[in-house]
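Coordinate inspection notes
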Amino acid sequence: EMLRMQIYSMTEVPSEQMKLFGLGLDTGLLDDSIPLPRALARGLFAQKGSGLRSAGVPGNARKASSLHSDESLGYTSGAIDSTRAWCSKKDDETPWYQMDLGEVNEIAGVIVASRADAPQWITRFKVSLADSEDGPWKLADDGREFVGPTFLCPCRAVFHSSNQARFVRVEPLSFHNHCSLRADVLLASDADRDKLPTIVVLGNFSAGDVFEFASPETKSDAMMEQQHLAMLQAKLSRLPPKLQNQASSLQNVLRYESRQLQHQALNEIPVCSIDTCTSSESYELSFMKQLVRWYKHGFFSWTNAPRCDHCHSTNTKIIGGAKPTPEEEYFLAHQVEVAQCSSCGQQTRFPRYNDPAKLLETRTGRCGEWANCFTLICRSLGYEARHVHDWTDHVWTEIFSDSAQRWIHVDSCEAAVDSPLMYETGWGKKLTYCIGFARDHVVDVTRRYTKKFEKELLPRRTACKEEELKHALSALDEFALERSLVQYTAQQIAMRRKHMEHRASEEKAQFEVGSVKALKPEEEVGRTSGDAAWREQRGELGATEAAKQKALECSEKGLDSVAKTEPSGDAGYTSEDAQAMIRARVAKLMADGLTANDALLKVLADAKKK
């Protein structure tokens, strides 16, 4: 509580909005049950070796046991700041990556990172040292095995004691997807003090979101809920079945509002690692770009056909379907696919789960599972989010950006952010209806995803009359808003209604502007997720030959490999600058006679005034 009060004094983020991360925890919220001194000690330990200086070994002083056939993945690509990585040959059974310091140095350890443009990294490794390239080679720390990096988070392998050597070899023992790495040597000399423990504070990403100010989650009145639902069904009863079925999609997005489920999702997200990768643009958008990269490359996986449960072969093929078991139905798997293994002949079930809690566990699927789980993650982090249903068989997410004052398209399958025209222009999809479902509104967002609404898309909208669609969405929208505001005060309800009306008006204007915007490079690429033959069969591999070629080049990498690379940090005022200034100010006040506690409180008070 004391820590929260101090954070509030600097940030003015209300306590009920604060989500605290860090102090040595890779994932998950800081636990209020852990005493602060113990949490700080854990944070200090996690920063051990953070002040060590990297040697910056040049490209011509690097070697490896083998090279990938792609020349851009060679020795020099293994530098820690590379936009790619060194990759070994697939059949290299004893890979190693060597760095030459030019002369004998006092070596404290190594820093190792994942491949920057694909989900590949080493998971365990050893380090060998030598004065001469011909040896003898000596294993650091008597052959100790170090744990490798994750997609966004490099690892520092600091030795128990420093060693004198000129040559350093990283020797991978296991890897994720492919043996790939970026690395550098950590020198014991000229080391700075270890960095201070890190705390990341996330508040509400949307200033007009009344829901984040709510006190603890309250249970809804089941009888009133049923009455409202019956009234909605009555309003929809004379409309086509497709429109009547939209009520179930609205029910699905309510699952994302469960505080327990959001807490479960937060326990999986490496918030601090994502935070360190953000750039100087608006924070919520930069954070989102890194979040979707982590989700695609480090968390969720695509399933064309499931791995065989019996021999673990990936040589399987979908041959049909099966009735869900009671357990599969419990986790909302209304459809089950069955795959045949070509290696052992056995069959494997692939339940298409719709329960986002279950998807946090399985972490695999196709676009339905991807968007379902990702939208939950967005809500758990405090983004206002929509689950968007494309009636030509795709699903994605939209989040509201306070800095841009508009809804932003996010496709987790493609690692795409704010590229709404990619489906029509890049994939070649013949869109018809795109409907966005949020906890408190439902809206037709089709116009955001086309430049040809009147001439080409509108004539394809034959599933229902436009007036019927308007009537259905109006009923669903009012139902969603009424139900979401039940537990709030009259003042909060009036504020939210006014806010939603303003947003709706602004969004209509933005739809008109969007149709004349210039295309982005990433919007002219075909679909990158899924098997190439499957994409071709669906007509989504690319609208043009150029789009198809780009899609094949970026297969499974996503559109973040097409977009320009973001700077890794703010070129201006950084958090480290701020910490240094705070430390200097506290030291000066203590020199003037104040106690450490009084000096810190004065600095915090001054910061709040500024």
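Preceding block: the structure.
A brief look at the structure comes next. Every residue gets a number counted from 1 within its own chain, in the order that chain's sequence is written. Given that the model is predicted, a residue must reach a pLDDT of at least 70 before its local features are reported, and side-chain atom pairs must reach 80 or more before they are shown or counted; all residues, however, enter totals for whole chains, interfaces and linings. Just so you know, side-chain values use all the structure's heavy atoms and leave hydrogens and water out.

A few words on the packing of helix H8 (residues 283-299) against helix H11 (residues 367-380). To obtain each axis, a line is fitted to C-alpha atoms, and for helices this fit is confined to the stretch in contact; angles are then taken between N-to-C directions over 0 to 180 degrees. Counting from the N terminus, the helices are DSSP H or I runs at least four residues long and the strands are E runs at least two residues long. Packing of H8 against H11 brings their axes to within 12 Å, and their N-to-C directions diverge by 135°. When the axes of H8 and H11 are compared, the pair comes out oblique. Taken as a pair, H8 and H11 cross one another with a handedness that is right-handed. In this structure, H8 contributes Met288, Leu291, Val292, Trp294, Tyr295, Lys296 and Phe299 to the contact, and H11 contributes Glu369, Trp370, Cys373, Phe374, Ile377 and Cys378. Taken together, the residues of the contact of H8 with H11 break down into 11 nonpolar, no polar and 2 charged. Just so you know how the angles are binned, under 35 degrees is roughly parallel, over 145 roughly antiparallel, 65 to 115 roughly perpendicular, and the rest oblique. The sense of a crossing depends on the near helix, which, turned anticlockwise from the far helix by less than a right angle, makes the crossing left-handed and, turned clockwise, makes it right-handed. Here, two residues are considered to be in contact whenever any of their heavy atoms come within 4.5 Å of each other. Classes in brief: Ala, Val, Leu, Ile, Met, Phe, Trp, Tyr, Cys and Pro nonpolar; Asp, Glu, Lys and Arg charged; the others, Gly included, polar.

On to helix H17 (residues 545-553). The cut-offs for exposure are 20% and 50% of the maximum accessible area for each residue type, with area from a 1.4 Å probe on protein chains only; residues under the lower value are buried, those over the upper are exposed, and the others partly exposed. For H17, the set of buried residues is Ala547, Lys548 and Ala551. End-on, the buried residues of H17 take up no more than an arc of 100°, which puts them together on one face. On its buried side, H17 packs onto helix H12 (422-427) and helix H16 (532-537). Read the arc as the range of directions from the helix axis to the C-beta atoms.

Taken across its 8 residues, strand S18 (residues 394-401) has 8 buried, putting it largely inside the fold. Alternating residues of S18 divide into His394, Trp396, Glu398 and Phe400 and Val395, Thr397, Ile399 and Ser401, and every residue in both groups is buried. In this sheet, S18 lies alongside strand S17 (residues 385-390) in antiparallel orientation, the contact comprising 6 bridges. Considered in S18, the bridge of aspartate 390 is made with histidine 394. Here, strands pair whenever DSSP counts at least two bridges between them. Connecting the antiparallel pair S17 and S18 is a turn made up of 3 residues, with aspartate 393 showing a positive phi of about 80°. Strand direction decides the pairing type here: S18 and strand S19 (residues 406-411), joined by 5 bridges, are antiparallel. Looking at the pairing, threonine 397 lines up with valine 410 of S19. Joining the antiparallel neighbours S18 and S19 is a turn of 4 residues, in which glutamine 405 adopts a positive phi near 55°.

Here threonine 348 lies in strand S15 (residues 347-351). Side-chain atoms alone can form a polar contact between residues adjacent in sequence; in general such a contact is a pair of N or O atoms within 3.5 Å, and within protein one must be able to donate a hydrogen while the other accepts it. At a separation of 3.0 Å, a polar atom in the side chain of threonine 348 contacts the main-chain amide nitrogen of aspartate 309. Look past the residues within four positions of threonine 348 in its chain and what remains in contact with it is Pro306, Arg307, Cys308, Asp309, His310, Glu337, Val338 and Ala339.

This next bit is on the pattern of salt bridges. The salt bridge criterion pairs a side-chain nitrogen of Lys or Arg with a carboxyl oxygen of Asp or Glu, the two atoms within 4 Å. According to the stated counting rule, one finds 36 salt bridges in the structure shown. Arginine 363 is paired through a salt bridge with glutamate 268; the nearest N and O atoms lie 2.5 Å apart. Linking arginine 363 in the loop between helix H10 (356-362) and strand S16 (364-365) with glutamate 268 in the loop between helix H6 (259-266) and helix H7 (271-276), this pair joins segments that are 95 residues apart in sequence. Exposure remark for arginine 363: the relative accessible area of 29% places this residue in the partly exposed category. Residue class for glutamate 268 comes out partly exposed when judged on its relative accessible area of 26%. Aspartate 418 is paired through a salt bridge with arginine 406; the nearest N and O atoms lie 2.7 Å apart. Of the two residues, aspartate 418 sits in the loop between strand S20 (416-417) and H12 while arginine 406 sits in strand S19, which places them 12 residues apart along the sequence. The exposure class assigned to aspartate 418 is buried, which follows from its relative accessible area of 17%. For arginine 406, a relative accessible area of 23% corresponds to the partly exposed category. When salt bridges with common partners are traced through the structure, they connect Glu257, Arg379, Glu384, Arg439, Asp440, Arg496 and Arg503 into a single cluster.

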